[in-house]
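Listed here are the chains, written in short residue letters.
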Amino acid sequence: MTTAYIALGSNLENPGLQLQRAVDDIDSLPEIEVSGCSKLYISEPVGPEGQPDYCNAAVRVETTLTPLALLDAMQSIENDHGRVRTVRWGPRTLDLDMILFGNEVIESERLTVPHYQMHVRNFVLCPLLDIQPDLTLPSRKPVEELLKEMGTSGLEVMAEKYPWL
Ligand code: ROI
């Protein structure tokens, strides 16, 4: 059994509901159990301007899957939510990013873990801290320290406790 963290994001087609449904979808998979869930946040878009604000959250999962099998499972849920990959950093109905997989450091063609930009994105760090205040990334500072350096500008709590809506 491995503990992994998934960041969720959406800015299309009722983003809050997309994320809530995604948590249910993740938890309904037989090899994955959701063991913690963050608050629900609304955040200013990072990337191209003119796209709607995002909803962001994170979950902790316990899983018997390998990293690539977990990635496949997350991509299949993204596809079920109508995710279409068009513009790089453009709007999306659902984004499920594997942030951490145990203490593993993975750099393969399909997967980079820890996620390569998590330490500069407050909409990822802040939800992670809700679940696990003492979380430290492999070979980096504690998440709490990273978030203190970065601040929480552009980030607002939309709902406190899952199920959020
Ligand atoms: N910006 C915000 N605020 N939240 C996201 O989840 C998010 N996801 C992305 C890009 C387009 C980089 N910007 C984002 O993939």
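Values in this document were obtained by computation on a predicted structure and should not be read as measured data.

**Student:** Just to check I follow, could you spell out the overall build of the protein for this structure?
**Tutor:** When you go through the protein residue by residue, the secondary structure sums to four helices and eight strands. The secondary structure elements of the protein, listed N-terminal to C-terminal, are β-α-β-β-β-α-β-β-β-α-α-β. Relative to its length of 165 residues, the protein is compact, with a C-alpha radius of gyration of 15 Å against a globular reference of 15 Å. Along the first, second and third principal axes, the C-alpha atoms of the protein reach 40 × 35 × 35 Å. A fraction of 70% describes how many contacts in the protein between residues 6 or more apart in sequence connect residues 24 or more apart. When the accessible area of the protein is evaluated, it comes to approximately 8,500 Å², of which 49% is carbon and sulfur surface. When the 13 positive and 25 negative side-chain charges of the protein are each reduced to one mean point, those points stand 4 Å apart.

**Student:** Is there a simple way to explain helix H2 (residues 67–80) in this structure?
**Tutor:** Look at H2: 20 Å from first C-alpha to last across 14 residues, which is about the 20 Å you get at 1.5 Å a residue. For H2, the full list of buried residues reads Pro-67, Leu-70, Leu-71, Ala-73, Met-74, Ile-77 and Glu-78. An end-on view of H2 places all buried positions within 160° of arc, on one side of the element. Exposed residues pointing more than 90 degrees away from the buried face of H2 are listed as Asn-79 and Asp-80. Tucked into the core, H2 has its buried residues touching strand S1 (2–10), helix H1 (15–27), strand S2 (32–37), strand S4 (54–63), strand S5 (95–101) and strand S6 (106–107). Positive backbone phi, at 80°, marks Gly-82, one or two positions downstream of H2.

**Student:** Hey, could you run me through the nonpolar core in this one?
**Tutor:** The nonpolar side chains of a soluble globular protein tend to be buried, and buried together. Core analysis: the largest hydrophobic core is formed by 29 residues, its most contacted members being Ile-26, Leu-70, Met-74 and Leu-96. Taken together, the elements giving at least two residues each to this core come down to S1, H1, S2, S4, H2 and S5. Considering every element that reaches this core, the biggest residue donor is H2, with five residues. Not counting residues up to four positions away in its chain, the partners in contact with Ile-26 are Ile-32, Val-34, Val-59, Val-61, Met-74, Ile-77 and Leu-96. With 20 residues, the next largest nonpolar core counts Ile-131, Leu-135, Leu-147 and Leu-155 among its residues.

Criteria and thresholds
- Residues numbered from 1 in each chain as written.
- Predicted model: local features only at pLDDT ≥ 70, side-chain atom pairs only at ≥ 80, totals over all residues.
- Heavy atoms only, no water.
- Helix = DSSP H or I, 4+ residues; strand = E, 2+ residues; numbered from the N terminus.
- Rg over C-alpha atoms; globule rule 2.2 N^0.38 Å.
- Contact = heavy atoms within 4.5 Å.
- Areas by Shrake-Rupley, 256 points an atom, 1.4 Å probe, with all protein chains shown as cover.
- Lys, Arg positive; Asp, Glu negative; His and termini not counted.
- Charge placed at Lys NZ, Arg CZ, Asp CG, Glu CD.
- Expected span 1.5 Å × (residues − 1).
- Buried < 20%, exposed > 50% of the residue type's maximum accessible area, 1.4 Å probe, protein only.
- Arc of directions from axis to C-beta.
- Core = buried A, V, L, I, M, F, W, Y, C linked by side-chain atoms within 4.5 Å.

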